[in-house]
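In case you want the letters, here they are:
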Amino acid sequence: MSIVKKGADKKMLEKMRNQRLSYADYMKLALYDEQYGYYMRQKEKIGRAGDFITTSNVGHIIGHVFASVFIRLIETYHVPPFICEIGGGTGRFAYAVLEQWKRQSPDTFEKGKYTIVETSPYHRKKQAETLASLIDHVHIVSSFAELSTPFCGIVFSNELFDAFPVHVIEKRNGQLYECFVAVEEDRLVEQSVPLENEEIVEYIVERNIQLVDGQRFEIPLAMKKFIFELDQAIDEAIIFTVDYGYTDEEWKHPARKQGSLRGYYRHQLIDDPLRYPGEMDLTTHIQWDALRFYGEQAGWAFTHLWRQDEFLLQAGILNQLIEHHDPNPFSEQSRHNRAIRSLVMSDIGKAFQVMVQQKKINVPIFT
């Protein structure tokens, strides 16, 4: 149960009053409502002044490493020189990729285009500012509907699916319940009712989900739907998905019995997803095997799932190290090298994964 205290929170609460929302609908409202949704509001979300940091926010290093992979695919295997990033954040990853692309392969850079599909007006504005010097090679749109033809090339996303709305179910005394969010007086509360949603039942059956008593589990119907929407928007593509999540075997571990739906507020992990509606990020660990399963239904061939540190090492991140003799630990070179080491040696490199899928293309990612 969460007491709503803040002004923006109270406005969100008023929109919810006299309703019982599934967790998926609650997340849509809290994250994407045009007036009060977290992602739609004109406030800093990423970085020190925001609520969380993404891996693409670690300097330009990750962007440069991925750019080298993209360029090799374009030059060696003649993948069309077009990149589509879904949910581009502040635009820093796109800037790093374009910067490296222009430097490393000016010929393909001139022929190429970088498209960002971004639902948030705030982030579209930030992206345009970040990419102003490269804007001739950038196309920023709010949805796939704005793409004139099916996309061919490289599709990339970083921490996209973890913010998708999910339904929450729980098994108690041998019966499945769906968890809902409601308002009682000035509090958000959770209510559970026997599972009736046929789409959830279908997901459980086709994915062969088996829960134990007392277990909570997120059902990513929005991710399932998005995979088929993306499939309609692309023709030939290599799809890179960077995120944190679990395989089917990993989510069955007893430590994950309570599910993974959490909030991030001012860089603090908030266990109660009802605590700051509209004021904090909401996230879940994605189900990698579901992404693979529905991707294969759409006709995407699964290539591999790497831990991010393993992917970056294979992609040659250590080549980005700068040789220097400056003893100052705060010098630009020292900070650059520390950032590289953090990506391959710290927990952040092990927590994230990279999945690659291919549609109508069959090329090796690494040789």
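All of these numbers come straight from a predicted model, not from anything done at the bench.

**What about the environment of leucine 312?**
Then step 1. Mapped onto the fold, leucine 312 is located in helix 11 (residues 308–314).
Then step 2. For leucine 312, a relative accessible area of 0% gives the class buried.
Then step 3. It is 8.2 Å that separates the C-alpha atoms of leucine 312 and phenylalanine 66, two residues lying 246 residues apart in sequence.
Then step 4. With sequence-adjacent residues up to four places away left out, leucine 312 is seen in contact with Val65, Phe66, Ile317, Leu343 and Val344.

**Brief notes about the nonpolar core**
Then step 1. Ranked by internal contacts, the top residues of the largest apolar core, which has 45 residues, are Phe66, Phe70, Leu73, Ile238, Phe240, Phe311 and Ile365.
Then step 2. Listing elements by their share of this core, those giving two or more residues are helix 3 (61–77), helix 4 (92–104), strand 4 (113–117), strand 6 (151–158), strand 11 (234–243), helix 11, helix 12 (332–345) and strand 18 (353–359).
Then step 3. Broken down by element, the residue count for this core peaks at ten residues, all from helix 3.
Then step 4. When residues no more than four places from it in sequence are discounted, the contact partners of phenylalanine 70 are Ile83, Phe93, Val97, Ile154, Phe156 and Phe240.
Then step 5. Counting residues in each nonpolar core, the second largest holds 39 residues, with Val117, Phe161, Leu221 and Ala290 among its members.

**Focus: the side chain of glutamine 100**
Then step 1. With respect to the helices and strands, the residue glutamine 100 is situated in helix 4.
Then step 2. Judged by its relative accessible area of 11%, glutamine 100 falls in the buried class.
Then step 3. Looking at glutamine 100, its side chain comes within polar contact range of the side chain of arginine 103, at 2.4 Å.
Then step 4. Not counting residues within four places of it along the chain, the set of residues in contact with glutamine 100 comprises His64, Ala67, Ile71 and Ser105.

**A word on the sheet that holds strand 18**
Then step 1. Spatially, 5-4-3-6-11-18-17 is the arrangement adopted by the seven strands of the open sheet, whose pairing is mixed. Edge positions in the sheet fall to strand 5 (138–141) and strand 17 (301–307), since each has one partner strand and no second. Strand after strand, the sheet turns through a mean of 15° between neighbouring axes, direction not considered.
Then step 2. The sheet contact formed by strand 3 (residues 82–86) and strand 6 spans three bridges and is parallel.

**Side note on the sheet that holds strand 14 (residues 268–270)**
Then step 1. A sheet is described by the order of its strands in space; here three strands give the open sequence 14-13-15, paired in antiparallel fashion. Across the chains shown, the open sheet's two edge strands, defined by having one partner strand only, are strand 14 and strand 15 (281–283). Strand-to-strand twist in this sheet, taken as the mean axis angle between neighbours without regard to direction, amounts to 30°.
Then step 2. In terms of strand pairing, strand 13 (residues 262–265) meets strand 15 through three bridges, oriented antiparallel. Considered in strand 15, the bridge of arginine 262 is made with threonine 283.

**Describing the packing of helix 3 against helix 4**
Then step 1. Look at helix 3 against helix 4: their axes get within 8 Å of each other, and the N-to-C directions meet at 50°. As summarised for this structure, helix 3 and helix 4 are arranged oblique, according to the angle between their axes. As for the relative orientation of helix 3 and helix 4, their crossing is right-handed in sense. Contacts from Ile62, Gly63, His64, Phe66, Ala67, Ser68, Phe70, Ile71 and Ile74 in helix 3 reach Phe93, Ala96, Val97, Glu99, Gln100, Trp101, Arg103 and Gln104 in helix 4.
Then step 2. Residue composition of the contact of helix 3 with helix 4, by class: ten nonpolar, five polar and two charged.

**Side note on the pairing of strand 4**
Then step 1. Most of strand 4 is tucked away: four of the five residues are buried.
Then step 2. Where strand 4 and strand 5 come together, four bridges link them in parallel fashion. Residue pairing across strands places valine 117 opposite valine 141, the latter belonging to strand 5.
Then step 3. Regarding topology, helix 6 (residues 121–130) serves as the crossover connection from strand 4 to the parallel strand 5, and that connection is right-handed.

**Things to note about unusual backbone geometry**
Then step 1. You will see that glutamate 159, though not glycine, has its phi angle at about 55°, which is positive.
Then step 2. Positionally, glutamate 159 belongs in the loop between strand 6 and strand 7 (167–172).
Then step 3. On the basis of relative accessible area, glutamate 159 is assigned to the buried category, the value being 16%.
Then step 4. One non-glycine residue, asparagine 208, adopts positive backbone phi at about 55°.
Then step 5. With respect to the helices, strands and loops of the structure, asparagine 208 is situated in the loop between helix 7 (198–206) and strand 10 (216–219).

**A few points about the environment of isoleucine 135**
Then step 1. Within the secondary structure layout, isoleucine 135 lies in the loop between helix 6 and strand 5.
Then step 2. Residue classification places isoleucine 135 among the partly exposed residues on the basis of a relative accessible area of 37%.
Then step 3. Sequence separation between isoleucine 135 and tyrosine 95 is 40 residues; the distance between their C-alpha atoms is 10.0 Å.

**Details of the packing of aromatic side chains**
Then step 1. Going through the model one piece at a time under the given rule, you end up with 26 aromatic pairs.
Then step 2. With 5.2 Å between their ring centres and 70° between their planes, phenylalanine 66 and phenylalanine 156 make a pair best called edge-to-face. Within this pair, whereas phenylalanine 66 is found in helix 3, its partner phenylalanine 156 is found in strand 6, the two being separated by 90 residues in sequence. Summarising the burial analysis for this pair, phenylalanine 66 and phenylalanine 156 share the class buried.
Then step 3. Ring geometry for phenylalanine 70 and phenylalanine 240: centres 5.3 Å apart, planes at 65°, overall edge-to-face. Separated by 170 residues along the polypeptide, phenylalanine 70 in helix 3 and phenylalanine 240 in strand 11 bring together distant segments of the chain.
Then step 4. What makes phenylalanine 70 buried here is its relative accessible area of 1%.
Then step 5. Among the aromatic residues, those joined into a ring-pair cluster are Phe66, Phe70, Phe93, Phe156, Phe240, Trp306, Phe311 and Phe366.
Then step 6. Here lysine 252 stacks its cationic end above the ring of tryptophan 251, 5.9 Å away from the centre of that ring.
Then step 7. When the ring centre of tyrosine 246 is taken as origin, the NZ or CZ atom of arginine 256, which lies over that ring, is 4.2 Å away.

Each value, and the rule that gives it
- Residues numbered from 1 in each chain as written.
- Predicted model: local features only at pLDDT ≥ 70, side-chain atom pairs only at ≥ 80, totals over all residues.
- Heavy atoms only, no water.
- Helix = DSSP H or I, 4+ residues; strand = E, 2+ residues; numbered from the N terminus.
- Buried < 20%, exposed > 50% of the residue type's maximum accessible area, 1.4 Å probe, protein only.
- Contact = heavy atoms within 4.5 Å.
- Core = buried A, V, L, I, M, F, W, Y, C linked by side-chain atoms within 4.5 Å.
- Polar contact = N/O pair within 3.5 Å; in protein donor to acceptor, adjacent residues only side chain to side chain.
- Pairing = 2+ DSSP bridges.
- Axes fitted to C-alpha atoms, helices over the stretch in contact; angles between N-to-C directions.
- Parallel < 35°, antiparallel > 145°, perpendicular 65-115°, else oblique.
- Left-handed = near helix turned anticlockwise from the far one by under 90°.
- Nonpolar A, V, L, I, M, F, W, Y, C, P; charged D, E, K, R; others polar.
- Right-handed = clockwise from strand over helix to strand, strands pointing away.
- Phe/Tyr/Trp six-rings, centres within 6.5 Å; stacked < 30°, edge-to-face > 60°.
- Lys NZ or Arg CZ within 6 Å of the ring centre and 35° of its normal.

By themselves, these are just geometric observations and shouldn't be taken as functional.
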